[in-house]
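One-letter residues, chain by chain:
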Amino acid sequence: MEFQKRTITCGELRPKDAGRTVILNGWVNARRDYGGVIFIDLRDRNGVTQCVVDSSATPLLAPSIKDVRNEWVVWVKGLVRMRENPNPNIPTGLIEIIAEDIGIINSADVTPFEIVDDLGTNEELRLEYRYLDLRRRVLQKNFEVRNTLYQITHQFFAEEGFTEVETPVLTKSTPEGARDYLVPSRVNKGRFYALPQSPQLFKQLLMVSGFDKYMQIVKCFRDEDLRADRQPEFTQIDVEMSFVDQEDIIALTERFIARVWHEVLDVKLTMPLRRISYEDAMNLYGSDKPDLRLSGEIVDVTASSATSGFSVFTNAVESGGVVKAFVASGSASFSRKQIDELTEHARTYGAKGMPWLKYSNGEITGSFAKAIDQSELQAIIKNVGAADGDLIVFAAGEWERSCIVLGALRQKIAIQNGEFERVADSYALCWVTEFPLLEYSDEEKRWVARHHPFTSPMSADVALLTTDPSRARAMAYDLVINGYEAAGGSIRIHKNEVQNEIFSLLGMSNDEAQTKFGFLLKALRYGAPPHGGIAFGFDRLVMVLVGTDNIRDVVAFPKTTSGLSLMDGCPTPVAQSQLDQLGIQVKASS
RNA sequence: GGGAUCGUAGCUCAGUUUGGUUAGAGCGCCGCCCUGUCAAGGCGGAGGUCGCGGGUUCGAGCCCCGUCGGUCCCGCCA
């Protein structure tokens, strides 16, 4: 029997519709069979409507749907009427459809897991049957938010006078930055395209072209190891403007984010956002993307530790390092086991150990309490600003490493204290600015760009490039939301000479720079305007907006942490003939 | 590249500490009963290469080695 097209969806009917005859199309969400009466809950993405088969009214209908089970696709034609027993839990709960006719559109095998919101099933199975996983309301809601964000983004940037321009997906491989995904060229054997890590150079070239205000919602690809918030392909809102400085980009971003939060969450954010320098962020929170929802700041006790009598501290100070502490307010009640977990956590971040003290009932105990005098312990407690009932954890050694260790501990302590549950529906946004322009790579034995090699140094620090490059700061800024790097950008170098100077600082010869980035250097000689921009991590924005900590909840068809797609099984081997066409020979794996 | 953790019925898990009869439970599934439920209920039933391979042993879900896969993290992610 041909299916009867729906006249309304499964989420719309209300008491005012009583008396109407309607047709619904949808999936069987539940079947409750009482023999004489059968309830079928019919579901589509809009909601669930209860349909009733009453054998006294329609004696032939029940046998015709005898085999119908969950997830079968059916159409139901019938009269809308008020329910005898309303269900206050669903929007359509006051009405039901008394079925006059039902047709089976398609049967369904028993699904490998139930289509319910609070699913306990492991992700392996969910990813294999991703199309079933995506039937679940909790996931569908995420994609509705994602869609809303697409619309707001296009609207906002259009209103601000931006032009969306598409940039190539088959691009030139560049050595700086992340590993590239490569695409072999058939016509030019032995040569490769790279999928873009971002459209960085293209958007700069568009500025040279005079596009002035460019934006694009665009896929980017980075062949690096994955995390809970990282997929090999991800989406950015890519933005670039000419004749602007950092303040213009920050102001634009704040207008955009305020609008998104207002329209998606009905939350009014206070602008302008707090700004924290990279150095302060590291010193206070031990992270360049601090979660400002969490309590507590790191304190520096290097000066007072020099004479503490505790060799771990004094040695650190003598070798030019620092001693830092984090006071976990009210956490003196932590068990030995919890402290061991913290120590283990510190070790994974490169700490050799984790000195700690407890200040409880006027007494000071801890890992090195017996190693030094009581008076010195008292002095330490005073220096870190601890109160009775607090746990104090320490890190001593190289500055950045010590900061990172305590930042990690701050976060771990918050987890152990259940603090994340308390801050679940709140938002803490800030800018992190004044990043170092360069950092020294021990692996490559040279300076590498911390952001990317096209980032302009702060004008005050240009002189440092020749004297002390490590101290030169970049005109770069990251938007941090709840501990996620939600956006990052910079003012770019628009002068050929400066760009050449940076390349040479990065250990690149003139020839090398020409080979790799000659097209950019050439473009900068044809009247490049001052320009800068920002790129938002679209997936991460959606994550924060829907309140998930897993990027796979906001990407329709994600990869696993090893980069596999469990549904279609890619990546897969390819036919020898395909390889032959490309002139590629695959090495036997060792 | 490294660390942690998980893999037992369609699903979620127990059983592994201390190797020993026929590997259990809940949900789901199948059958029957039932006219007001909404995760319906009652009765009955089927369903397992304990991820895979090898080893130790009289005997392995359990011990050992390897391997595959999931998750989280460090490194990495300009």
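The structure we're discussing is the one just above.
Below you will find a few notes about this structure. Note that this is a predicted model, so its numbers are computed, not measured.

### Quick word on the sheet that holds strand β10 (residues 233-242)
Part 1 of the reasoning: An order of β6-β9-β10-β22-β21-β20-β17-β11 is seen for the eight strands of this open sheet, with the pairing classed as mixed. Edge positions in the sheet fall to β6 (163-164) and β11 (274-277), since each of these pairs with one other strand and no more.
Part 2 of the reasoning: The pairing of strand β20 (residues 476-481) with strand β21 (residues 484-491) spans six bridges and is classified as antiparallel. Its bridge partner lying in β21, alanine 476 is registered against serine 490.
Part 3 of the reasoning: Packed onto the sheet, helix α4 (residues 137-159) meets β6, β9 (213-221), β10 and β22 (531-537) and runs at close to 150 degrees relative to β9.
Part 4 of the reasoning: Here helix α6 (residues 246-265) sits on the sheet and contacts β10, β11, β17 (429-433), β20, β21 and β22; the angle it forms with β22, its principal contact strand, is near 30 degrees.

### Regarding the side chain of lysine 324
Part 1 of the reasoning: As for its placement among the helices and strands, lysine 324 is situated in strand β13 (residues 322-328).
Part 2 of the reasoning: Engagement of the side chain of lysine 324 in a polar contact is seen with the side chain of asparagine 283, the distance being 2.8 Å.
Part 3 of the reasoning: Every residue in contact with lysine 324, bar those within four places of it in the chain, is listed here: Asn283, Ile298, Val299, Asp300, Val301, Val393, Phe394, Ala395, Trp399, Cys403 and Leu406.

### Structural notes on a nonpolar patch on the surface
Part 1 of the reasoning: A cluster of nonpolar residues, Tyr131, Phe557 and Met567, forms a patch on the protein surface that exposes about 310 Å² of accessible area.
Part 2 of the reasoning: Mapped onto the secondary structure, methionine 567 falls in the loop between α17 (538-546) and α18 (576-582).

### Things to note about the packing of aromatic side chains
Part 1 of the reasoning: Considering all chains together, one arrives at 21 aromatic pairs under this definition.
Part 2 of the reasoning: Taken together, a centroid distance of 6.2 Å and an interplanar angle of 75 degrees make the contact between tyrosine 129 and tyrosine 131 edge-to-face.
Part 3 of the reasoning: Note on tyrosine 131: relative accessible area 45%, which makes it partly exposed.
Part 4 of the reasoning: Summarising the aromatic geometry, the rings of phenylalanine 503 and phenylalanine 517 are spaced 5.0 Å apart at their centres and angled 10 degrees between planes, so their arrangement reads as stacked. On the criterion of sequence distance, the pair formed by phenylalanine 503 in helix α15 (residues 496-505) and phenylalanine 517 in helix α16 (residues 510-523) is long-range, its members being 14 residues apart.
Part 5 of the reasoning: Grouped by ring-pair contacts, the aromatic residues Phe156, Phe157, Phe162, Phe256 and Phe536 constitute a single cluster.

### Points about the pairing of β22
Part 1 of the reasoning: By the criterion of burial, β22 is predominantly enclosed, with seven of the seven residues buried.
Part 2 of the reasoning: Side-chain alternation along β22 places His531, Gly533, Ala535 and Gly537 on one buried face and Gly532, Ile534 and Phe536 on a second face that is also buried.
Part 3 of the reasoning: Relative to β22, β10 is paired through seven bridges, and the arrangement is antiparallel. Opposite glutamate 240, over in β22, you have glycine 533 as the bridge partner.
Part 4 of the reasoning: By the bridge criterion, five bridges tie β21 to β22 in an arrangement that is antiparallel. Paired with serine 490 across the strands is glycine 533, a residue of β22.

### Observations concerning unusual backbone geometry
Part 1 of the reasoning: The omega torsion of the bond from methionine 271 to proline 272 falls at -5 degrees, within 30 degrees of zero and hence cis.
Part 2 of the reasoning: Relative to the helices and strands, proline 272 resides in the loop between α6 and β11.
Part 3 of the reasoning: With a phi angle near 50 degrees, asparagine 361 is a residue other than glycine that sits in the positive phi range.
Part 4 of the reasoning: Within the secondary structure, asparagine 361 is located in the loop between β14 (356-360) and β15 (363-366).
Part 5 of the reasoning: Residue classification places asparagine 361 among the exposed positions, given a relative accessible area of 72%.
Part 6 of the reasoning: Even without being glycine, glutamate 434 reaches a positive phi, approximately 55 degrees.
Part 7 of the reasoning: Within the secondary structure, glutamate 434 sits in the loop between β17 and β18 (438-441).

Reading the values: rules and limits
- Counting restarts for each chain: residues are numbered from 1 in the order of the written sequence.
- Naming scheme: in the order in which they are written, chains are lettered from A and ligands are numbered from 1.
- Only residues with pLDDT of at least 70 are given local features in this predicted model, and only at 80 or more are side-chain atom pairs given and counted; all residues enter the totals for whole chains, interfaces and linings.
- Hydrogens and water are ignored here; the side-chain numbers use all heavy atoms of the structure.
- We treat two strands as partners when DSSP finds at least two bridges between them.
- Helical segments are the DSSP runs of H or I of at least four residues, strand segments are the runs of E of at least two, and each set is numbered from the N terminus.
- Whether two residues are in contact is decided by their heavy atoms: any pair within 4.5 Å suffices.
- For every element, the axis is a line fit to its C-alpha atoms; helices are fit only across the contacting stretch, and the angle between N-to-C directions ranges from 0 to 180 degrees.
- The definition of a polar contact used here is a pair of N or O atoms within 3.5 Å, where within protein one atom must be able to donate a hydrogen and the other to accept one, and adjacent residues in sequence count solely through side-chain atom pairs.
- Like-charged residues within 9 Å of one another, or nonpolar side chains (Val, Leu, Ile, Met, Phe, Trp, Tyr) within 5 Å, are grouped into patches, provided each residue has over 30% relative accessible area and no salt bridge.
- Residue burial considers only the protein chains on display, and all accessible areas are found by Shrake-Rupley using a 1.4 Å probe.
- We count a salt bridge whenever a side-chain nitrogen from Lys or Arg sits within 4 Å of a carboxyl oxygen from Asp or Glu.
- The pairing test for Phe, Tyr and Trp rings, Trp by its six-membered ring, is centres within 6.5 Å, and the orientation test on the planes gives stacked under 30 degrees, edge-to-face over 60, and tilted for anything in between.
- Relative accessibility decides the category of a residue: with a 1.4 Å probe and only protein chains considered, values under 20% of the type maximum give buried, values over 50% give exposed, and everything between is partly exposed.

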